[in-house]
Amino acid sequence: MKKLLVASVLAAIGTIASAANYGIVDMQRVVESSTYLKQQNATLQQTVKPNATRAEQLQSELQALQEKAANAKPNEVQQLKTQYEAKVREMNMLEQTVQQKVQQTSQLTSQNFTTRVQQAADQLRKENNLDLVLNKNAVLAYDNTSDLTDKMIQKVNATK
């Protein structure tokens, strides 16, 4: 049964490929070459940098409090414990804030990038009079003359 299904799928793909004009795009290269994604990543890093710096500072302060508590007098221990807990809460809030920012930014960036890629693929399809633009990773074999990756990279990077 599995062999029959695989044979049917391969036959359908072969029929589509032989009947259609197609272009191939290496999406991994498009992602790696995207100026938009690089710019978004740099912006995100700058946005979370103050929180990362504060987290490093808190980490040092926590370590110092632990060392202090190890040598503290019994009447100082409770005060150090209270300070330590407050810093741990601040650290947790910072981590949560950074995680939310990264998640929100990643989701928005992904949506925008997907839209850019879809628009560029449609433009390439129309400009080259193609029926299909396929992802290189989804194709078993293709003619290298059908590779539109460089054109796709240009179009995605040109999108504003």
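Data block above holds the structure.
Residues numbered from 1 in each chain as written. Predicted model: local features only at pLDDT ≥ 70, side-chain atom pairs only at ≥ 80, totals over all residues. Heavy atoms only, no water.

Caption draft 1: Main features of the nonpolar core. V25, V30, F113, V117, M152 and V156 are the most contacted members of the largest nonpolar core, which has 14 residues in total. Elements represented by at least two residues in this core include exactly α2 (27-32), α4 (74-127) and α5 (149-158). For this core, the element with the highest residue contribution is α4, accounting for 5 residues. Apart from residues lying up to four places away in sequence, V25 is in contact with V30, V133, L134, N135, K136, L148, T149 and M152. (Core = buried A, V, L, I, M, F, W, Y, C linked by side-chain atoms within 4.5 Å. Buried < 20%, exposed > 50% of the residue type's maximum accessible area, 1.4 Å probe, protein only. Helix = DSSP H or I, 4+ residues; strand = E, 2+ residues; numbered from the N terminus. Contact = heavy atoms within 4.5 Å.)

Caption draft 2: Layout of the pattern of salt bridges. All told, the structure shown has 8 salt bridges when counted by the stated rule. Among the ionic pairs, R54 bridges to E90, the shortest N-O distance being 2.8 Å. In this pair, R54 is assigned in helix α3 (residues 35-70) and E90 in helix α4, connecting sequence segments 36 residues apart. When its relative accessible area of 30% is taken as the criterion, E90 is described as partly exposed. Connected through shared salt-bridge partners, R54, E61, K87 and E90 make up one network. (Salt bridge = Lys/Arg side-chain N within 4 Å of Asp/Glu carboxyl O.)

Without other data, these values stay purely geometric and don't point to any function.
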